[in-house]
Amino acid sequence: MSHLAENLARIEERIERACRTAGRLRSDVELMAVSKTFPAEDILAAEALGITLFGENRVQEWSQKVTSLSPKHESTKHHLIGHLQSNKAARAVELFDGIDSLDSLKLAERLNDAAAKLGKRLPVLIEVKLSTEETKAGLDPDAVDTAQLLERLPDLSNLETHGLMTIAPWGAPDDETRACFRALHELRDKWAAAHPRLNIQTLSMGMSGDFELAIAEGATRIRVGTALFGKRTPEALRAAAEMEQG
Ligand SMILES: *Cc1c(COP(=O)(O)O)cnc(C)c1O
């Protein structure tokens with residue numbers, strides 16, 4: 001078995017165990033492979049093992065990688081999970097099958113315009129910031145801009161809002177991480193009730209180190225990088241950051 005296949009088997013065991021413990025079906029939890037900083041060959045190898053959903057966090061990095069993947073398999077989807085500046089919205093709509101890091105009304109309008117120009121309907125997730133960490137991306141759930149975004153989204157007809165995404169505080173104790181996931185679930189229920197025109201089902205939460213907690217709290221999509229592809233090297237992270245600036 002390849003290294004990747006072994007890692008995937010271990011992840012599968014963990015997902016199945018977490019689903020069993022939570023009394024949930026395995027089929028209710030989608031595995032997104034986070035391929036940022038890893039080469040196109042690794043994406044192809046993961047695809048060969050049956051993975052059909054990938055996450056990347058930078059537009060520029062992905063625009064280079066995607067050229068080595070063409071023609072892309074129709075059934076494989078690549079989503080952006082990192083912060084998107086609105087001046088890169090049009091490029092992102094061209095390159096990605098979904099944007100899981102929608103974090104402002106302005107960005108939503110840019111994405112909708114770009115998707116309309118391409119005749120595309122773009123799946124999006126609203127990224128919510130539930131941790132007090134300064135560095136974390138996402139919308140403040142109580143901000144005025146957030147309320148406006150929720151009101152406006154159903155009318156942005158080239159966007160399909162599927163749900164919410166969050167990143168738990170880094171290195172926090174389990175109870176705090178779990179509280180963050182629970183808060184996203186509660187927010188989804190609250191917003192779904194208050195905005196019946198929005199169809200928000202997806203809860204994207206949980207990464208390599210904490211996805212069992214996320215599954216326990218109702219995650220429908222987990223985002224796994226390190227546990228599948230291995231550790232991201234500091235060199236690869238730096239190269240990706242520099243590419244984005246240039
Ligand atoms: C990198 C990243 C992940 C994957 O993290 P791992 O700990 O490597 O599994 C998940 N979500 C987002 C938004 C990321 O940027």
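Residues numbered from 1 in each chain as written. Predicted model: local features only at pLDDT ≥ 70, side-chain atom pairs only at ≥ 80, totals over all residues. Heavy atoms only, no water.

## Some remarks on the pairing of strand β1 (residues 30-34)
Burial analysis of β1 places four of its five residues in the buried class, which makes it a mostly covered element. Where β1 lies against strand β8 (residues 221-224), four bridges are found, and the strand directions are parallel. Paired with Ala 33 across the strands is Val 224, a residue of β8. In terms of strand pairing, β1 meets strand β2 (residues 53-56) through two bridges, oriented parallel. Considered in β2, the bridge of Ala 33 is made with Phe 54. (Buried < 20%, exposed > 50% of the residue type's maximum accessible area, 1.4 Å probe, protein only. Helix = DSSP H or I, 4+ residues; strand = E, 2+ residues; numbered from the N terminus. Pairing = 2+ DSSP bridges.)

## Remarks on the site of the ligand
The full set of residues close to the ligand is Val 34, Lys 36, Ile 81, Ile 167, Met 207, Ser 208, Arg 223, Val 224, Gly 225, Thr 226 and Arg 232. Between Ser 208 and the ligand, the recorded distance is 2.5 Å, taken from a side-chain N or O atom to an oxygen atom. Note that an oxygen atom of the ligand is positioned 2.5 Å from one of the side-chain N or O atoms of Thr 226. Applying the majority rule of atoms within 2 Å of the grid points places the ligand in the largest pocket. A per-class count over the shell around the ligand returns five nonpolar, three polar and three charged. (Near = heavy atom within 4 Å. Polar contact = N/O pair within 3.5 Å; in protein donor to acceptor, adjacent residues only side chain to side chain. 1 Å grid on protein atoms, 1.4 Å probe; cavity = no way out; pocket = protein on both sides within 12 Å on 5 of 7 lines; lining within 4 Å. Sits in = over half its atoms within 2 Å of the grid points. Nonpolar A, V, L, I, M, F, W, Y, C, P; charged D, E, K, R; others polar.)

## Some words on the pattern of salt bridges
Following the criterion strictly, the structure yields 13 salt bridges and no others. Note that Glu 212 is salt-bridged to Arg 14, the shortest N-O span being 2.7 Å. Placement of Glu 212 in helix α8 (residues 211-216) and of Arg 14 in helix α1 (residues 3-22) is noted, with a sequence separation of 198 residues between them. Here Glu 212 falls in the partly exposed class, since its relative accessible area comes to 27%. Of the charged contacts, one joins Arg 188 and Asp 189 as a salt bridge, the two residues approaching to 3.1 Å between their closest N and O atoms. What makes Arg 188 buried here is its relative accessible area of 12%. On the accessibility criterion, Asp 189 (41% relative accessible area) is partly exposed. Residues joined in a network through salt bridges with shared partners are Glu 30, Asp 100 and Arg 221. (Salt bridge = Lys/Arg side-chain N within 4 Å of Asp/Glu carboxyl O.)

## Section: the packing of aromatic side chains
Applying the stated criterion to the full structure yields two aromatic pairs. Ring plane angle 25 degrees and centroid distance 6.1 Å describe the contact between Trp 62 and Phe 96, whose orientation is recorded as stacked. Of this pair, Trp 62 sits in helix α3 (residues 59-67) while Phe 96 sits in the loop between α4 (89-95) and β4 (98-102); the two residues are 34 residues apart in sequence, bridging distant segments of the chain. When its relative accessible area of 0% is taken as the criterion, Phe 96 is described as buried. (Phe/Tyr/Trp six-rings, centres within 6.5 Å; stacked < 30°, edge-to-face > 60°.)

## Here we look at α1
Here α1 contains 20 residues, and its C-alpha end-to-end distance of 29 Å stays within 8% of the 28 Å for a straight helix at 1.5 Å per residue. Of all the positions in α1, only Leu 4, Ala 5, Asn 7, Leu 8, Ile 11, Ile 15, Ala 18 and Cys 19 are classed as buried. Burial along α1 is one-sided: seen end-on, the buried residues are contained in an arc of 155 degrees. In this structure, α1 carries His 3, Arg 20 and Thr 21 as exposed residues pointing more than 90 degrees from its buried face. Where α1 is buried, its residues contact β1, α2 (40-48), α8, β8 and α9 (226-229). (Expected span 1.5 Å × (residues − 1). Arc of directions from axis to C-beta. Contact = heavy atoms within 4.5 Å.)

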